[in-house]
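Descriptive structure summary
Residue-level listing of the chains:
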Amino acid sequence: MSRRVVRQSKFRHVFGQAAKADQAYEDIRVSKVTWDSSFCAVNPKFLAIIVEAGGGGAFIVLPLAKERFAAHEGMRPMRAVFTRQGHIFTTGFTRMSQRELGLWDPGDSSIRYFEITDEPPFVHYLNTFSSKEPQRGMGFMPKRGLDVSKCEIARFYKLHERKCEPIIMTVPRKSDLFQDDLYPDTPGPEPALEADEWLSGQDAEPVLISLRDGYVPPKHRELRVTKRNILDVRPPSGPRRSQSASDAPLSQHTLETLLEEIKALRERVQAQEQRITALENMLCELVDGTD
């Protein structure tokens, strides 16, 4: 019997997750022209999509700083059946509760993730992301545009018939620290050569950057203990004074009188402390005598 050996990989538990509906780009007529193209390109700032238009050649550019699938948008129940030709026929309702029919081509709706290494067999299957809708094209975010704080290792922009949906690939990690093994240095935005240098036949390796600067640690709540002074909330003794001339600064005579009273009280307290000390000594002598 042959026993399958599971290959160890830091990306083994990678999984894909579709972005929320409010992060998708809807009502986009993706081009239906069949050619060797992904129909989509993306960088950390913009998303470009080839759209359907008379004569062809049209595309749109959307900013990424923008602040999933029902066959019919209505809330009433819908039904679906499979046809002999392999299509899906659905009946449902629009948002205005009008009857709506749909004919869908299931197509390929899976995204398979592989790891490429230096040792044979070089290409290793990791996981598959599946959805209900096929993709017309795909755009790939450069590594420098990923959210390394959430262990995001890839982000695809999946083109549908009339929208673009981000698909986020994440490797779950419990640690809040920057994951060096997931994020080696990657090509940055700075070109390695000028245009005239490249046209003259020169070649150079890409200028790499570290993704550590893009890491934003989670915010931890700072615990503060505040001690309140009970004297700040103690009610004043004696009758409450009215807002009158008595609130005026103390005179020199009144200040000297208060100082004398404080001095007398301090002397009285010291005398009482001496008396208590003497009584404690007498008590100790009596106890020793009885022993």
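Computed from a predicted structure; not experimentally measured.

Definitions and cut-offs
- Residues numbered from 1 in each chain as written.
- Predicted model: local features only at pLDDT ≥ 70, side-chain atom pairs only at ≥ 80, totals over all residues.
- Heavy atoms only, no water.
- Helix = DSSP H or I, 4+ residues; strand = E, 2+ residues; numbered from the N terminus.
- Buried < 20%, exposed > 50% of the residue type's maximum accessible area, 1.4 Å probe, protein only.
- Areas by Shrake-Rupley, 256 points an atom, 1.4 Å probe, with all protein chains shown as cover.
- Pairing = 2+ DSSP bridges.
- Axes fitted to C-alpha atoms, helices over the stretch in contact; angles between N-to-C directions.
- Phe/Tyr/Trp six-rings, centres within 6.5 Å; stacked < 30°, edge-to-face > 60°.
- pLDDT = per-residue confidence, 0-100.
- Contact = heavy atoms within 4.5 Å.
- Salt bridge = Lys/Arg side-chain N within 4 Å of Asp/Glu carboxyl O.
- Core = buried A, V, L, I, M, F, W, Y, C linked by side-chain atoms within 4.5 Å.

1. Structural notes on the overall build of the protein chain
The number of helices and strands found in the protein chain is three helices and 14 strands. In the protein chain, buried positions account for 24% of the 291 residues. Total accessible area on the protein chain stands at roughly 23,300 Å², and carbon and sulfur atoms take up 55% of it.

2. Digging into the sheet that holds strand β4 (residues 59–63)
Taken together, three strands build an open sheet; the order of strands is β2-β3-β4 and the sheet is antiparallel. Both edges of this open sheet fall to β2 (40–42) and β4, since each of them pairs with a single strand only. For this sheet the average axis-to-axis angle between neighbouring strands, irrespective of direction, equals 15 degrees. Where strand β3 (residues 46–50) and β4 come together, five bridges link them in antiparallel fashion. Paired with I49 across the bridge in β4 is I60.

3. As for the packing of aromatic side chains
Overall, the coordinates contain three aromatic pairs when judged by the stated rule. Between F140 and F156 the ring centres are 5.2 Å apart and the planes differ by 85 degrees, which places this aromatic pair in the edge-to-face class. Placement of F140 in strand β10 (residues 137–140) and of F156 in strand β11 (residues 152–159) is noted, with a sequence separation of 16 residues between them. On the basis of relative accessible area, F140 is assigned to the exposed category, the value being 53%.

4. Section: the confidence of the model for the protein chain
Confidence along the protein chain averages 79 in pLDDT terms, with 80% of residues attaining 70 or more. Taking the mean pLDDT of every element in the protein chain, the minimum, 55, falls on helix α2 (residues 230–233) and the maximum, 94, on strand β14 (residues 208–209). Within the model, the stretch residues 241–247 combines pLDDT values under 50 with three contacts to residues more than four positions away or in other chains.

5. Here's the deal with the pairing of strand β9 (residues 123–130)
With seven bridges connecting them, strand β8 (residues 110–116) and β9 associate as antiparallel partners. Residue I111 lies in a different strand from β9, and its bridge partner there is F129. Connecting β8 to the next strand, β9, in antiparallel fashion are six residues, including F122 with a positive phi near 75 degrees.

6. Some details on the sheet that holds strand β5 (residues 79–82)
Read across the open sheet, the three strands follow the order β5-β6-β7; overall the sheet is antiparallel. Either end of the sheet is taken by a strand with one partner, and the two such strands are β5 and β7 (99–104). Taken over all neighbouring pairs, the strand axes of this sheet differ in orientation by 15 degrees on average, direction set aside. Where β5 and strand β6 (residues 88–93) come together, four bridges link them in antiparallel fashion. The residue bridging F82 from the neighbouring strand is I88, located in β6.

7. Thoughts on the pattern of salt bridges
Enumeration according to the criterion identifies four salt bridges in this entry. K32 serves as the salt-bridge partner of E161, at 3.8 Å between the closest nitrogen and oxygen. Ionic pairing is found between D181 and R173, a salt bridge with its closest N-O pair at 3.0 Å. Exposure remark for D181: the relative accessible area of 38% places this residue in the partly exposed category.

8. Observations concerning the nonpolar core
Core analysis: the biggest nonpolar cluster contains 20 residues, and V14, Y113, I153, F156, M169, L182 and Y183 have the highest contact counts within it. Elements that contribute at least two residues to this core include exactly β8, β9, β11 and β12 (164–170). Apart from residues no more than four positions distant in its own chain, L182 is found in contact with K10, F11, C151, I153, V171 and R173. In this structure, I28, F39, M141 and C164 belong to the second largest nonpolar core, which totals 15 residues.

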